[in-house]
Amino acid sequence: MTWTRELDEAATLATRQGYWHIILFYLLCGLAAIPTSFLVFSQVFTNATPVHWCAPIPEIDELDLPEDVVLNLTVPGVDGVYESCLTYDIDINALNKTLKQMTNRSNNVPQGSVQNVLEDKQIESVGDSILMLRKGRVSCKNGWQFQKDLYTRTLVTEFSLVCDREWLPRTSNTLFWVGSIFGNVFFGLLSDRYGRRPTILLMITLEVPLAIAASFPGNYWMFIVLRVAGGLFFPALYQLPFILALELMPPKWRTYAGIVVGMLFGSGMCLLAVLAWLLRDWFYLSLASSVPFVLLFGYYWLIPESPRWLVGRGRIADAEKVLRELARRNGIRLDSGFLIELHKKVKNDDDEAQITILRNGQVLSPQTKELKQRKNEMIAYKPTIIISEVHEEDDKTDHIAEEETRNINIIKLADTKSDTEEELSPNDRNEILQPIDKSKIHTLRRKSMQLVNKILLKEEEEDILERNRLDDQNSEGDCKASPLDILKYPNLRRKFFLLTVNWIAIGVVYNGLSYNTPNLGVDDYLAFFIGGLVELPSYFIAWKSMERFGRRWVLFCFVNVGGVACLCCALVPEAWPWVTVFLAMLGRLCAAASFSVFYVHIGELLPTVLRAQAMACASFIAGIGLLACPYIVSLASLSRDLPLVIMGVLSLFAGVITLFLPETLNQPLPQTLGDGELFGRDFKVLSCVEENLE
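In the nomenclature of an unreviewed UniProt entry, the protein corresponds to Organic cation transporter 1 like protein from the organism Danaus plexippus plexippus. Quoted straight from UniProt, the Subcellular location (unreviewed entry) entry for the protein says "Membrane".

Let us now look at the pattern of salt bridges. Tallied over the entire structure, the rule returns 13 salt bridges. Aspartate 192 serves as the salt-bridge partner of arginine 196, at 2.4 Å between the closest nitrogen and oxygen. You'll find arginine 196 and aspartate 192 in the same group, each marked buried. A salt bridge links glutamate 535 to arginine 588; the nearest nitrogen and oxygen atoms lie 3.0 Å apart. Residue glutamate 535 is found in helix 24 (residues 524-549), and its partner arginine 588 is found in helix 26 (residues 577-605); the two are separated by 53 residues along the sequence.

Our next topic: the side chain of serine 191. Topologically, serine 191 is positioned in helix 9 (residues 167-194). Exposure remark for serine 191: the relative accessible area of 0% places this residue in the buried category. Within the structure, the side chain of serine 191 is placed 3.3 Å from the side chain of arginine 196, a separation counted as a polar contact. Every residue in contact with serine 191, bar those within four places of it in the chain, is listed here: Arg196, Thr199, Leu240, Trp309 and Ala612.

By volume, the second largest pocket is sized at about 1,500 Å³. Lining the second largest pocket we find 39 residues, and of these Thr49, Pro50, His52, Pro518 and Asn519 sit closest to its centre. Elements supplying a minimum of two residues to the lining of the second largest pocket: helix 3 (43-46), strand 1 (52-54), helix 5 (67-74), strand 3 (81-82), helix 9 and helix 28 (629-634). Considered class by class, the residues forming the lining of the second largest pocket number 21 nonpolar, 12 polar and six charged. There are two domains that each give the lining of the second largest pocket at least three residues, and those are domain 1 (51-99 + 119-147) and domain 2 (479-687).

Moving on to the state of the cysteines. Following the criterion strictly, the structure yields two disulfides and no others. A sulfur-sulfur distance of 1.5 Å marks the disulfide that ties cysteine 54 to cysteine 140. Taking the torsion about the sulfur-sulfur bond, which here is approximately -55°, the covalent link between cysteine 54 and cysteine 140 counts as left-handed. On the criterion of sequence distance, the pair formed by cysteine 54 in strand 1 and cysteine 140 in the loop between strand 5 (134-139) and strand 6 (144-146) is long-range, its members being 86 residues apart. According to the relative accessible area criterion, cysteine 140 is buried, its value standing at 18%. What pairs with cysteine 85 in a disulfide is cysteine 163, and their sulfur atoms sit 2.0 Å apart. An S-S torsion of about -100° defines the bridge between cysteine 85 and cysteine 163 as left-handed. Remark: cysteine 163 occurs in the loop between helix 8 (155-159) and helix 9 and cysteine 85 occurs in the loop between strand 3 and strand 4 (86-90); sequence separation between them is 78 residues.

Another point: the nonpolar core. With 140 residues, the main nonpolar core has Phe25, Phe41, Phe45 and Tyr510 as its most contacted residues. By residue number, the principal contributor to this core is helix 26, which donates 16 residues. Beyond its immediate chain neighbours, meaning those up to four positions away, phenylalanine 25 contacts Ala245, Met249, Trp253, Tyr256, Ala257 and Val260. Among the nonpolar cores identified, the runner-up in size contains 15 residues, and Phe146, Val156, Tyr220 and Phe283 belong to it.

The next point concerns the packing of helix 12 (residues 236-248) against helix 27 (residues 611-626). Where helix 12 contacts helix 27, the axes come no closer than 11 Å and their chain directions differ by 145°. Note that helix 12 runs across helix 27; the crossing there is right-handed. Residue-level inspection shows Gln239, Leu240, Ile243, Leu246 and Glu247 of helix 12 in contact with helix 27, the latter providing Arg611, Ala612, Met615, Ala616 and Ser619. Of the residues in the contact of helix 12 with helix 27, the class split is six nonpolar, two polar and two charged.

About the thresholds
Residues numbered from 1 in each chain as written. Predicted model: local features only at pLDDT ≥ 70, side-chain atom pairs only at ≥ 80, totals over all residues. Heavy atoms only, no water. UniProt positions renumbered as here; feature names shortened; annotations may be inferred. Salt bridge = Lys/Arg side-chain N within 4 Å of Asp/Glu carboxyl O. Buried < 20%, exposed > 50% of the residue type's maximum accessible area, 1.4 Å probe, protein only. Helix = DSSP H or I, 4+ residues; strand = E, 2+ residues; numbered from the N terminus. Polar contact = N/O pair within 3.5 Å; in protein donor to acceptor, adjacent residues only side chain to side chain. Contact = heavy atoms within 4.5 Å. 1 Å grid on protein atoms, 1.4 Å probe; cavity = no way out; pocket = protein on both sides within 12 Å on 5 of 7 lines; lining within 4 Å. Points joined across faces, edges and corners; volume = space filled by probe spheres on them. Nonpolar A, V, L, I, M, F, W, Y, C, P; charged D, E, K, R; others polar. Domains from an automatic or database assignment. Disulfide = S-S within 2.5 Å. Core = buried A, V, L, I, M, F, W, Y, C linked by side-chain atoms within 4.5 Å. Axes fitted to C-alpha atoms, helices over the stretch in contact; angles between N-to-C directions. Left-handed = near helix turned anticlockwise from the far one by under 90°.

Structure follows, in structure tokens:
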């Protein structure tokens, strides 16, 4: 018994009325979305590189000439576009001599006041003199001047990270993703070992002070160190609250969870663009995007542990306590021991379904159909031993239970033979039909029910020993599962690898389009705001589409439409920047929708006992691919459309992979490794959504 149906029903019972679960749901989604959107995309503005050119030599700067005159005299350029890293070499001694002669000819200006000597009529003659003294082009020697119409101050302007140092901001972005690679694996393992709640609280405790400290770096290398440290918590800070919401809420909320997280993430990006436009200074933006999140420390008193994780670790009583507390806050009273009662009910239903199959020779309900299919599949990957409940005081019941068990094994043998068209040897048949040793029968179920009765009758006398016995007797056996266990199951292994490759492709496309907004030829703030804004309807469209058409075909359509839109950018002339913006934003809309669908899909495909660890490992591998994002975006210096073409090809590749993953709509959430192995084993590539069997 894997507790999948029991936990779904228990979550439904605990949330059938009230508002606390709704508040808790949005708190978890907000934690997953808004702080992480600030964390990962704030560098778009703090590391922005404004238009810049070489600063003139002090002798020319003191003349207080108009800026356009100085640019024309000192910086190479064509049609108002000036070189960023080159300036004209000017003979300083000759220039000083010329300026001194002009000063001596001025009778009404004291010596030494050279900056006041030049009148409007003299500017032209000074310009002619400078033109005559220019020797050639050299690298900037006196620093740079930056245009301030978009940015008052950025880290690039403060630390002069241009020309021969322009690689530093790009490296900072790359190293951020390096930090996220290792942090995600670490916190994923921590989450599956010690729980969702303590891991989330630990990340909040460490991330918020680090984000604030990044506003006071001292030098750029210290900023990089702080950003790498902050990167340790992304995307774990995005994934774990999402996983907790997925595991805490009833089945009907799962699709909604992925969509709400995505919409809040897009809203966070819009808010970040507005803050950057209002402040226009990296220091104040850094504070505004970090200090308010001190309020996250209040989550210590708000978020519970995941009941599914607790059951996966064999802590049945603690899982029930969480569900009862959730129900109490919703104004619902659940009796002590209700979770074990649900477990008993589901087990009895399964036993009755087995007997129905035996006596009638047909499946009478969708539940029994599903049970028979799962029984047949179980033989293919792991032997199944069925133990019936037997009461010591009734020998007749013992005999009936033993006969029923033997008959069920015969039905399993016949079903297996029918499916595989293979004959079993007489030895295999005798092994299946061997009578069950009665000493092995008086185990899990009878003892656990004795404990449940004791709990129900004397709840106030329950002690730790009894609780531990209850947990041990009803745990699933996967408590110590590790990511390496994925490699032991062929179907689970195949799905994990396909999900990982898909994550790489979708992740590079989504993040690449987000970082590429300054290369679209329009205002940075406006382009980024539009990019966040177009994500909002994308999540709503994805939500409705997933509910109707499932995960895989919706994901296939989104990534292919987005890929075609990105590829079409290569056909647009540079004189039409808004057409490129439209196509890029269409790609961005589809990429955001794809990511929201993908997160729901991967969360529903992986089993609970390894969900956080497996997602962390997949994210680790995908993070290696994300290291290429800053370099793909930098290819815009060669061609504005080249990054978009690369992202379009990757998007189409992701669409092909999606078809080789099974559908998860209307299917139970896998709880154990066995559930994960059986799920989607025999699906067809061109299959569609199955009807809800519940």
